[in-house]
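# Breakdown of the fold
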Amino acid sequence: MVGNSPLPPDELGPRLAEVYAVLGPLYRRVARLVEHDSPRNGLSIGVRAVLERLELAGTAETVPQIARTLELSRQFVQRMVNDALEQNFVALKPNPAHRRSSLVDLTDAGRAAINALQRREHETMGRVGGDLTEADIETTLRVLRHMLAAVPETDGAR
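Residues numbered from 1 in each chain as written. Predicted model: local features only at pLDDT ≥ 70, side-chain atom pairs only at ≥ 80, totals over all residues. Heavy atoms only, no water.

### Focus on the overall build of the protein
Definition in use: Numbering of helices and strands runs from the N terminus, with a helix taken as a DSSP run of H or I at least four residues long and a strand as a DSSP run of E at least two residues long. Each residue's exposure class comes from its accessible area (1.4 Å probe, protein chains only) as a fraction of the maximum for that residue type: buried when under 20%, exposed when over 50%, partly exposed otherwise. Residue contacts are defined here by distance: any two heavy atoms, one from each residue, within 4.5 Å place the two residues in contact. Only the protein chains shown count as cover for residues, and all accessible areas are computed by the Shrake-Rupley method using a 1.4 Å probe.
When helices and strands are tallied, the protein shows six helices and two strands. N-terminal to C-terminal, the α/β element order of the protein is α-α-α-α-β-β-α-α. Each principal axis of the C-alpha distribution contributes one length, and for the protein these read about 55 × 40 × 25 Å. Burial status across the protein gives 27% buried among its 158 residues. Within the protein, counting contacts between residues at least 6 apart in sequence, those at least 24 apart form 51% of the total. For the protein, the accessible area works out to roughly 11500 Å², and carbon and sulfur atoms hold 56% of it.

### Concerning the pattern of salt bridges
Let me state the cut-off plainly: Salt bridge criterion: a side-chain nitrogen from Lys or Arg within 4 Å of a carboxyl oxygen from Asp or Glu.
The final tally for this structure, using the stated rule, is five salt bridges. A salt bridge links Arg 53 to Glu 61; the shortest N-O distance between them is 2.8 Å. Residue Glu 61 is classed as buried on the basis of its relative accessible area, which comes to 9%. One network of salt bridges, with partners in common, ties together Arg 48, Glu 52 and Glu 121.

### Describing the packing of helix 2 (residues 45–57) against helix 4 (residues 74–86)
For clarity, the cut-off: To obtain each axis, a line is fitted to C-alpha atoms, and for helices this fit is confined to the stretch in contact; angles are then taken between N-to-C directions over 0 to 180 degrees. For classification purposes, angles smaller than 35 degrees are called roughly parallel, those larger than 145 roughly antiparallel, those between 65 and 115 roughly perpendicular, and all remaining angles oblique. By the convention adopted, Pro, Cys, Tyr, Trp, Phe, Met, Ile, Leu, Val and Ala count as nonpolar, Lys, Arg, Asp and Glu as charged, and the other residues, Gly among them, as polar.
One can describe the packing of helix 2 onto helix 4 by two numbers: an axis separation of 9 Å at closest approach and a directional angle of 90 degrees. Comparing their axes, helix 4 and helix 2 come out roughly perpendicular. Contacts between helix 2 and helix 4 pair Gly 46, Val 47 and Val 50 from the former with Phe 76, Val 77, Met 80, Val 81, Asp 83 and Ala 84 from the latter. Per-class residue counts for the contact of helix 2 with helix 4 are seven nonpolar, one polar and one charged.

### A short note on the environment of His 146
With respect to the element layout, His 146 can be found in helix 6 (residues 134–150). Of the residues examined, His 146 reaches a relative accessible area of 53% and is grouped as exposed.

### Let's talk about helix 5 (residues 108–125)
For the record, the criterion: To estimate the expected span of a helix, subtract one from its residue number and multiply by 1.5 Å. Note that the arc is computed from the directions linking the helix axis to the C-beta atoms.
For helix 5, spanning 18 residues, the distance from its first C-alpha to its last is 25 Å, which sits close to the expected 26 Å at 1.5 Å a residue. Listed in full, the buried residues belonging to helix 5 are Gly 110, Ala 113, Ile 114, Leu 117, Gln 118 and Glu 121. The buried residues of helix 5 occupy an angular sector of 125 degrees when the element is viewed end-on, so they sit on one face. Across from the buried face of helix 5, at angles greater than 90 degrees, the exposed residues are Asp 108, His 122 and Glu 123.

Put into structure tokens, the structure is as follows:
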């Protein structure tokens, strides 16, 4: 039976490890689906992450800002921005705060591409089933946010 009492650390650790064990394959499966659709929509998983970040931010950001938020290397994000530039999904704008670090902004084509991908994903996710409730989703998000906050960043910061 599932209880509603907080788990002690010696029980919590193994149960959260089960969550990680499901998240890895799930993430890789979704990434493969995005990559599979890439020739059709032009969005690799990396370009998609950049476009999604810009769409969520609602404003232009620098490559270092995007990299920090996504917890990816600046070099990788720069390559993805370059790919997105070639596809006219983003445009570079002057940054009044820093001459050498341009702002990356979504173009109308980039916004249309990420929104179309998100619509397809939302349709697919809507068929998940399992009689999931709003409370189930909120609980899942709460657990995942706690897990994210508890794992140190790659530079060792806590």
